[in-house]
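Here is what each chain is made of, one letter per residue.
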Amino acid sequence: MSNKHILQYFVKNSKTFQIIDGPININNTENEVLLVLDSSFNPAHWGHYTLINKAVDYYRDILPQDTRFHVLLLLAIKNADKAPKPAMFPERMDMMCILANFIRKTLEDVNVSVGITSHGKFVDKDKDVKELFFTAFKNCRIAYLVGFDTIIRIMDAKYYVPTPLSVALQEFMQHAEFFCLTRDDDNNDIKKQINYSSDITEGRYEPAIPRNWGSKIHSVLNDNKYSYISSSIVRKQFSDGKRNLLNEVPEPILQYLVNESDTNGKSIFL
Ligand SMILES: Nc1ncnc2c1ncn2[C@@H]1O[C@H](COP(=O)(O)OP(=O)(O)OP(=O)(O)O)[C@@H](O)[C@H]1O
Ligand SMILES: NC(=O)c1ccc[n+]([C@@H]2O[C@H](COP(=O)(O)O)[C@@H](O)[C@H]2O)c1
């Protein structure tokens with residue numbers, strides 16, 4: 001079935017979560033880590049790949065040698081902020097499957113699945129991930145891979161009104177953790193980004209954010225060659241006619257963008 005048909009079925013049946021590529025469950029939760037990258041994938045780029053790569057490196061360093069890694073690429077077909085915009089979703093799903101294959105080829109011993117969700121907020125996505133992805137939810141580790149711009153939005157009380165943040169995320173924060181990479185950001189300097197988790201632990205964000213959540217956020221410095229990349233930049237440059245985007249986008253993704261645009265006679269993003 002094409003991704004277009006999968007999406008039509010998903011929407012028609014009011015589903016909230018579906019795996020569209022790769023394994024659909026994890027049986028042995030004792031030594032497995034699930035790394036979830038939730039994104040708009042519009043398009044997929046090196047910023048996404050480096051989040052996964054660095055998260056695998058990070059957990060390989062701190063966990064036992066026999067730990068197995070499972071990456072879940074998750075597309076939110078509803079955004080926590082933006083109105084639903086169905087255009088391009090099948091193409092984004094295609095690109096997620098391409099990225100999944102690229103990860104399988106380039107990162108050793110990493111399983112990859114691709115899923116779609118209709119939930120905008122992480123706290124809601126997490127319920128489905130736990131329920132539907134794991135056959136036994138015991139001692140498994142789920143880490144959400146995010147950039148700094150996203151972690152501060154997850155920790156923003158406005159998304160949960162009238163429930164206080166500490167209540168809305170209480171259960172979620174008991175088992176979930178975040179691997180958080182710095183990004184170029186005019187409003188938040190690198191020091192603030194890197195110190196975010198320790199500042200929470202020291203109580204600097206109290207009473208909004210409980211200090212014990214600080215240990216659940218692992219802040220890691222990005223590489224300069226990846227920290228500036230965003231889908232908006234790629235969309236803009238590609239639509240302006242730039243095709244030399246290999247610093248921003250893995251080759252198979254670029255190939256897909258070029259092929260799709262050639263077929264339509266104009267940039268896939270226009
Ligand atoms: N270059 C990057 N470095 C680190 N994290 C990133 C990078 N690009 C995206 N991310 C993170 O990946 C997740 C998914 O990103 P998403 O695709 O929504 O962002 P984006 O590339 O900024 O998209 P857009 O420009 O369309 O807003 C987010 O948590 C985001 O912070
Ligand atoms: N409070 C939250 O859980 C929260 C806040 C902002 C964005 N998100 C999600 O983060 C993902 C990336 O969003 P953007 O593409 O807007 O950066 C989307 O799935 C969006 O729905 C979640």
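Residues numbered from 1 in each chain as written. Chains lettered and ligands numbered in written order. Predicted model: local features only at pLDDT ≥ 70, side-chain atom pairs only at ≥ 80, totals over all residues. Heavy atoms only, no water.

**Thoughts on the pairing of strand 2 (residues 32-39)**
Along any regular strand the residues' side chains alternate between the sheet's two faces.
Part 1 of the argument: The buried fraction of strand 2 amounts to 8 of the 8 residues, a majority that puts the element mostly inside the structure.
Part 2 of the argument: Here strand 2 shows two buried faces, one formed by Glu32, Leu34, Val36 and Asp38 and the other by Val33, Leu35, Leu37 and Ser39.
Part 3 of the argument: Relative to strand 3 (residues 68-76), strand 2 runs parallel, the two being bridged by 8 bridges. Bridged to Asp38 within strand 3 is Leu74.
Part 4 of the argument: Note that the unit made of strand 2, helix 2 (residues 46-62) and strand 3 has a crossover that is right-handed.
Part 5 of the argument: Taken together, the 4 bridges between strand 2 and strand 5 (residues 141-147) define a ladder with parallel strand orientation. Of the residues in strand 5, the one forming a bridge with Leu35 is Ala143. (Buried < 20%, exposed > 50% of the residue type's maximum accessible area, 1.4 Å probe, protein only. Helix = DSSP H or I, 4+ residues; strand = E, 2+ residues; numbered from the N terminus. Pairing = 2+ DSSP bridges. Right-handed = clockwise from strand over helix to strand, strands pointing away.)

**Details of helix 11 (residues 231-239)**
Part 1 of the argument: Within helix 11, burial applies to Ser231, Val234 and Phe238. Angular distribution of buried residues about the axis of helix 11 spans 60°; they occupy a single face of the element.
Part 2 of the argument: At its buried positions, helix 11 is contacted by helix 2 and helix 12 (251-264).
Part 3 of the argument: The positive-phi residue at the C-terminal boundary of helix 11 is Gly241, with phi of around 100°. (Arc of directions from axis to C-beta. Contact = heavy atoms within 4.5 Å.)

Nothing here speaks to function; it is geometry throughout.
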